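Remarks on the overall topology
Residues per chain, in single letters:
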Amino acid sequence: MKICFDKIFLVCVASLFLFGCKDKFHPSADNQPVVQDVTSYWLDNEQNYNDRITTGYLDTFVKYYSSNVMANNTNRYLGLLKSYASTVNSLEVTDSFLLRTCLECVKITPESAQNKNILDYLKFSIGNQYYFLGNNPEAKVWLLKATEAADTVNFTKNLPSCYLLLGNIAFMENQYESAIAYYLRAVDFYEKLNDRGNISTTFVNIANCYSALHSSYYFHYYTNKAIAIAVSDNNLKNALKYRLKKAYFSFTETSDSSHFVQEVNAITSAFNDMPEKNNRLSFQVMGACVQKCIIVGEIDSAYYFLEKCIEINKIANRQEYEENIGVYKEMCHFEKYNTLSNESEIARLAADMERYKIFVTAKYYYDVLSQNAKIKGNLNQALFYTEKLMSLNDSIQANNAKGKLFDLQAKYDTEQKQQQIILQQTTISLKNYFIAFLMAALCLLLLGFLFYQQKQQKFELKQQNASQLNFSQQLLQQTEEDRKRIAADLHDSVSHELISLKKSIDNNSGGLQDRVDDILEEIRSITRSLSPVLFDNVGLQITIEQMVERVQQHNNFILTADINYSNSLSRAYELQIYRILQEAVTNMVKYSQAIAGKITITEDTQNVHIEVKDNGRGFDVPKTLQNGKAFGLHNIIERSRAISGVANIKSGLGGTIITIVVKK
């Protein structure tokens, strides 16, 4: 069961700005304001700014602004500049002329009680422009100046926007706890303004911070608060958007696909009942439907919702939608055809997600890439992506552990604050005693939790390793049983039939009898290769000596064996050692171009040491192991690992040496 997690959800930082609503003035036909006081209203009209080339917006501003600066009419030129800045800020665009003018105005205008609010707003506008230009350090400097100078008792409407931008900057700098503090400050001012829409949006920003901190408890806490406000205000669009965010996050935390499917179905049903829909919400809901259909295996429905996403983007024409559509296409294609149509793009996305530490999405991409590589038979790539998955699993587990600790610490901090309020009503001695007891209990709880987590992880890892080892041993045992069965069938059935055939043609051509003899000898050779004759009775050493004798008889090759071994391993382990030697000798005879080789087996109190060497041409070990065709070498390594051994292969111009150390 697979799912791709929407990048819009994983990297979502909303920024909404609040400005006072003003009545707009429509100037005369020549687009020139009649009197000075009316000019501010004309400058405050967004349409006049958008059509500034035809309306002469900047010329009008410069004309009246400059004349009032020259006349030292402070209130008037400040009012004109504030109207200009308010329009640009409302449109959320960059304006280098506005930035330069605000910087110069703040520099030349003395601060006074009368000018204070407008100067504070201009400082906010400077920070806002730097923010849009991507200059976060300068933006932070000016936004802090605006908040420090502002009268927090008689607060202005731009203050919450200052804190909102400061929170966004801290979020982009990965300073999530600082971002939370700024966002909570913004909420305080929005509550004074009774601006419920921006309160819910800021709660979502706070939830994004806790998501980055992997704090499940506080993510759900603030997301639920945002949903409650949206539902109370009958803002169904925001409510569905926040519910969708919550569904994605819950899936990443619990991997409960059934809950995700149910939640997407409920969101889709509510979305279909909405009288008005915007492109952003429509695209998000249709994208979630694509992923839901892939989870439940309804690939045709997934393609249907994919087409809906494409239709929406034809209208919206957004780059982020285009990227997500590309991912959705690959998801659908892989589910339907078990292969990727654009493997390089998925690999790029996987690397990007890993670099940006969006590990859950990166894990999905690498899982798909690994399956694709296995289907194509590219074992090296499959191994590479599998290693990536293991690394990402470790990172995800570490982040989840951090999130749990963060939740515990945050809950503890909250409980401690509440407890301090209660303890203030008691005596100093009782308060100190109780706080000390509470802190000690919490420290023990944290230590116990950490110890339990570490112990549990070690236990799970041990169980996993034991399970893998047991699986390998069972696989090898089953293979040996199959070999014995095949050998018995060849001996008992085919050989008897050939013997009978030979007797029946005793009076016929001797050449035919020789051919039958050759077939019998070939079958005996196959039988010995599949299952060594009397291995359980004669043991490892004699079986190896018989193999050495056969190799020298049938090949122009000198092979010797020096064995000093006292049968200290089990018969199952000895049989695997024999198979390893078979593989090594076969490779030696076929590929090494060697004249001679030697097998050496020795043992000490702890280990059995096995060495196979030849005087052949050698080869590049790492390159050969990675080319996907060195089955024999991989067989030696895997069989060694299955009997608790370690294989080491060295090769060069002087020949090849394979050493295996097996614990007793």
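Residues numbered from 1 in each chain as written. Predicted model: local features only at pLDDT ≥ 70, side-chain atom pairs only at ≥ 80, totals over all residues. Heavy atoms only, no water.

1. Considerations on the overall build of the protein
A tally of regular secondary structure across the protein gives 27 helices and 5 strands. Counting only carbon and sulfur atoms, one obtains 52% of the accessible surface of the protein, whose full area is about 35600 Å². (Helix = DSSP H or I, 4+ residues; strand = E, 2+ residues; numbered from the N terminus. Areas by Shrake-Rupley, 256 points an atom, 1.4 Å probe, with all protein chains shown as cover.)

2. Description of helix α8 (residues 116-132)
Between the first and last C-alpha of α8 there are 24 Å, a value that for 17 residues agrees with the 24 Å anticipated at 1.5 Å per step. The buried fraction of α8 amounts to 14 of the 17 residues, a majority that puts the element mostly inside the structure. Following α8 by one or two positions, G134 has its phi on the positive side, about 85°. (Expected span 1.5 Å × (residues − 1). Buried < 20%, exposed > 50% of the residue type's maximum accessible area, 1.4 Å probe, protein only.)

3. A few points about the packing of aromatic side chains
Evaluation of the coordinates by the stated rule reveals 27 aromatic pairs. A ring pair is formed by Y218 and Y221, whose centres lie 6.3 Å apart and whose planes are at 75°; its orientation type is edge-to-face. Of this pair, Y218 and Y221 are both found in helix α13 (residues 216-232), 3 residues apart, which corresponds to roughly one turn of the helix. A relative accessible area of 11% means that Y218 is categorised as buried. Taking relative accessible area as the criterion, Y221 reaches 38% and is therefore assigned partly exposed. Joined through ring pairs, the aromatic side chains of W42, Y49, Y57, F61, Y65, Y77, Y84 and F97 make up one cluster. Positioned over the ring face of Y49 is R52, at 4.3 Å from the centre of the ring. (Phe/Tyr/Trp six-rings, centres within 6.5 Å; stacked < 30°, edge-to-face > 60°. Lys NZ or Arg CZ within 6 Å of the ring centre and 35° of its normal.)

4. Examining the pairing of strand β1 (residues 558-563)
Bridge count for β1 against strand β2 (residues 596-603) is 6 bridges, and the pairing is parallel. By the bridge assignment, L559 is partnered in β2 with G597. With helix α25 (residues 571-591) bridging β1 and the parallel β2, this β-α-β connection has left-handed handedness. (Pairing = 2+ DSSP bridges. Right-handed = clockwise from strand over helix to strand, strands pointing away.)

5. Quick notes on the sheet that holds strand β3 (residues 607-614)
Strand order in the open sheet formed by 5 strands is β1-β2-β3-β5-β4, and the pairing between neighbours is mixed. Where the open sheet ends on each side, the last strands, each with one partner, are β1 and β4 (645-652). The sheet shows a mean angle of 10° between the axes of neighbouring strands, direction not considered. Here helix α24 (residues 535-554) sits on the sheet in contact with β1 and β2, set at roughly 170° to β1. (Axes fitted to C-alpha atoms, helices over the stretch in contact; angles between N-to-C directions. Contact = heavy atoms within 4.5 Å.)

6. Digging into the pairing of β3
Of the pairings in the sheet, the one linking β2 to β3 comprises 7 bridges and is antiparallel in character. Bridging from a neighbouring strand, T602 pairs with H609 of β3. Joining the antiparallel neighbours β2 and β3 is a turn of 3 residues. The sheet contact formed by β3 and strand β5 (residues 655-663) spans 7 bridges and is antiparallel. Each residue of the ladder has a partner; that of K613, found in β5, is I657.

7. Details of helix α27 (residues 631-642)
The end-to-end C-alpha distance of α27, which contains 12 residues, comes to 16 Å, matching closely the 16 Å that a straight helix rising 1.5 Å per residue would cover. Taken as a whole, α27 has its buried residues at G632, L633, N635, I636, I637, R639, S640 and A642.

8. What to know about the pattern of salt bridges
On inspection of all chains with the given rule, the structure shows 15 salt bridges. Among the salt bridges present, the one from R196 reaches D233, with a minimum N-O distance of 2.7 Å. One end of the pair, R196, is in helix α12 (residues 196-212); the other, D233, is in the loop between α13 and α14 (236-254), and 37 residues separate them in sequence. Of the residues examined, R196 reaches a relative accessible area of 32% and is grouped as partly exposed. For E343, the salt bridge is made with K376, and the minimal N-O distance between the two is 3.3 Å. Here K376 lies in helix α20 (residues 359-376) and E343 lies in helix α19 (residues 343-355), a separation of 33 residues in the sequence. Take E343: its relative accessible area is 18%, and that puts it in the buried class. Each of E345, R348, D352 and R355 takes part in a single network of salt bridges with overlapping partners. (Salt bridge = Lys/Arg side-chain N within 4 Å of Asp/Glu carboxyl O.)

9. Observations regarding the environment of N564
The residue N564 is located in the loop between β1 and α25 in this model. In the structure, N564 is positioned 45 residues away from H609 in sequence and 9.9 Å away in space, judged by C-alpha atoms.

10. Overview of the environment of T201
Here T201 lies in helix α12. Each C-alpha atom, one on T201 and one on I229, is 9.7 Å from the other, the two residues being 28 residues apart in sequence. A distance of 3.1 Å separates a polar side-chain atom of T201 from the backbone oxygen of G197. (Polar contact = N/O pair within 3.5 Å; in protein donor to acceptor, adjacent residues only side chain to side chain.)

11. Things to note about unusual backbone geometry
With glycine set apart, most residues show a phi of negative sign, and most peptide bonds adopt trans. Of note, the phi angle at N174 is positive, near 65°, even though the residue is not glycine. Positive phi, normally seen in glycine, also occurs at N338, with a value near 55°. The topology assignment puts N338 in the loop between α18 (319-337) and α19. Given a relative accessible area of 45%, N338 falls into the partly exposed group.

12. So, the packing of α12 against α13
Their axes nearest at 8 Å, the elements α12 and α13 cross at an angle of 160°. Taken together, the axes of α12 and α13 are roughly antiparallel relative to one another. As α12 runs across α13, the sense of the crossing is left-handed. Residues R196, I199, S200, F203, V204, I206, A207, Y210 and S211 of α12 lie in contact with α13, whose contacting residues are Y218, F219, Y222, T223, K225, A226, I229 and S232. (Parallel < 35°, antiparallel > 145°, perpendicular 65-115°, else oblique. Left-handed = near helix turned anticlockwise from the far one by under 90°.)

13. Observations concerning the nonpolar core
Counting 69 residues, the largest nonpolar core has L81, Y84, L122, F203, I206 and Y210 as the members making the most contacts within it. When near neighbours in sequence (up to four residues on either side) are disregarded, L81 contacts F61, Y65, L98, T101, C102, C105 and L122. Counting 54 residues, the second largest nonpolar core, distinct from the first, contains V285, Y328, I346 and V368. (Core = buried A, V, L, I, M, F, W, Y, C linked by side-chain atoms within 4.5 Å.)

14. Some details on the confidence of the model for the protein
Here the protein shows a mean pLDDT of 83. Residues at 70 or above account for 85%. Low pLDDT, under 50, characterises residues 1-36; the predicted model gives this stretch 107 contacts beyond four residues in sequence or across chains. (pLDDT = per-residue confidence, 0-100.)

15. Focus on the environment of Q420
By the secondary structure assignment, Q420 is in helix α21 (residues 379-423). Through-space distance from the C-alpha of Q420 to that of I435 is 8.0 Å; in sequence the pair is 15 residues apart.

16. Section: the state of the cysteines
Overall, the coordinates contain 0 disulfides when judged by the stated rule. Sulfur of C309: no disulfide; nearest cysteine sulfur belongs to C289 and is 8.3 Å away. (Disulfide = S-S within 2.5 Å.)

17. With respect to a nonpolar patch on the surface
A cluster of nonpolar side chains, namely L430, Y433 and F437, defines an oily patch on the protein surface of about 360 Å² accessible area. Note that L430 resides in helix α22 (residues 428-504). Overall, the relative accessible area of 43% leaves L430 in the partly exposed class. (Patch = residues over 30% accessible without salt bridge, like charges linked within 9 Å, V, L, I, M, F, W, Y side chains within 5 Å.)

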